[in-house]
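Fold and geometry: a report
Read off the chains here:
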Amino acid sequence: QVQLVESGGGLAQAGGSLRLSCAASGRTFSSYMMAWYRQAPGKERDSVATISRSGATTYYAHSVKGRFTISRDNAKNTVYLQMNSLKPEDTAVYYCAATSGVGRDPNYWGQGTQVTVSS
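Remember, it's a predicted structure, so these values are computed and weren't measured experimentally.

A few words now on the sheet that holds strand β8 (residues 78-83). Strands sit in the order β1-β3-β8-β7 across an open sheet of four strands; the sheet is antiparallel. Strands at the two margins of the open sheet, each flanked by one partner only, are β1 (4-7) and β7 (68-73). Strand-to-strand twist across the sheet, computed as the mean angle between neighbouring axes with direction ignored, equals 15°. Looking at chain direction, strand β3 (residues 18-24) and β8 are connected through six bridges and run antiparallel. Bridge assignment links R19 to a residue of β8, and that residue is Q82.

This is how it looks when you write it as structure tokens:
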């Protein structure tokens, strides 16, 4: 069992930055691929960024590529999402997720953290 707790959400102005953190419980954090998803009101939950178990490989949705950076610290059981050049369309609830393999649905989800970007 893995529990995920997000933090770092809040209100930012367009062009600003926020850094999300996701702390995981348990000793198997490094065995999971980690990802950030987001869900805006009235829309489906979409993948934003994914990082491999070692952190060597990352993937980004086209809408955030070049602005967001996902990273992880396996010693601290934590994954991060650095969000720069924020846009109002980045407003959503952001979720952390742990996945056991490529192409699989997440095994575990965090509770979500709200990010609001004002214009």
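Quick look at the packing of aromatic side chains now. For any pair of aromatic rings, geometry is given as the distance between the ring centres together with the angle between the planes. Using the criterion set out here, one finds three aromatic pairs in the structure. Pairing Y32 with Y108 gives two aromatic rings, centres 5.8 Å apart and planes at 80°, and the pair type is edge-to-face. Of this pair, Y32 sits in the loop between β3 and β4 (33-39) while Y108 sits in strand β10 (residues 108-109), placing them 76 residues apart in sequence. Classification of Y108 as buried rests on a relative accessible area of 18%. Three or more aromatic residues joined by ring pairs make a cluster, and in this case those are Y37, Y95 and W109. The lysine or arginine in question, R45, covers the ring of Y95, its NZ or CZ lying 3.7 Å from the ring centre. Positioned above the aromatic ring of W109 is the side chain of R45, whose terminal nitrogen or guanidinium carbon lies 4.5 Å from the ring centre.

In this section: the pattern of salt bridges. The final tally for this structure, using the stated rule, is two salt bridges. Here R38 and D90 are joined by a salt bridge, their closest N and O atoms 2.9 Å apart. In this pair, R38 sits in strand β4 while D90 sits in the loop between β8 and β9 (92-99), placing the two residues 52 residues apart along the sequence. For the pair R38 and D90, a shared accessibility class is recorded, and that class is buried. Linking D90 and R67 is a salt bridge whose minimum nitrogen-to-oxygen distance equals 2.8 Å. One end of the pair, D90, is in the loop between β8 and β9; the other, R67, is in the loop between β6 (58-60) and β7, with 23 residues separating them in the sequence. No difference in accessibility class separates D90 from R67, as the two residues are buried. Beyond isolated ion pairs, a larger network of salt bridges with shared partners links R38, R67 and D90.

In terms of nonpolar packing, the biggest core is built from 31 residues, with L4, M34, W36, V79, L81, M83 and Y94 touching the most fellow members. Elements with a minimum of two residues in this core: β3, β4, β5 (46-51), β7, β8, β9 and β11 (113-118).

Right, let's talk about the state of the cysteines for a bit. Between two cysteines, a covalent bond joining their sulfur atoms is known as a disulfide. Tallied over the full model, the rule gives one disulfide. Covalently, C22 is tied to C96 through a disulfide, its sulfur atoms 2.1 Å apart. On the sign convention where negative is left-handed, the bridge of C22 and C96, at about -80° about the S-S bond, is left-handed. With a gap of 74 residues between them, C22 in strand β3 and C96 in strand β9 connect regions that are remote in the sequence. In terms of burial, C22 and C96 fall into one category: buried.

Reading the values: rules and limits
Residues numbered from 1 in each chain as written. Predicted model: local features only at pLDDT ≥ 70, side-chain atom pairs only at ≥ 80, totals over all residues. Heavy atoms only, no water. Pairing = 2+ DSSP bridges. Helix = DSSP H or I, 4+ residues; strand = E, 2+ residues; numbered from the N terminus. Axes fitted to C-alpha atoms, helices over the stretch in contact; angles between N-to-C directions. Phe/Tyr/Trp six-rings, centres within 6.5 Å; stacked < 30°, edge-to-face > 60°. Buried < 20%, exposed > 50% of the residue type's maximum accessible area, 1.4 Å probe, protein only. Lys NZ or Arg CZ within 6 Å of the ring centre and 35° of its normal. Salt bridge = Lys/Arg side-chain N within 4 Å of Asp/Glu carboxyl O. Core = buried A, V, L, I, M, F, W, Y, C linked by side-chain atoms within 4.5 Å. Disulfide = S-S within 2.5 Å.

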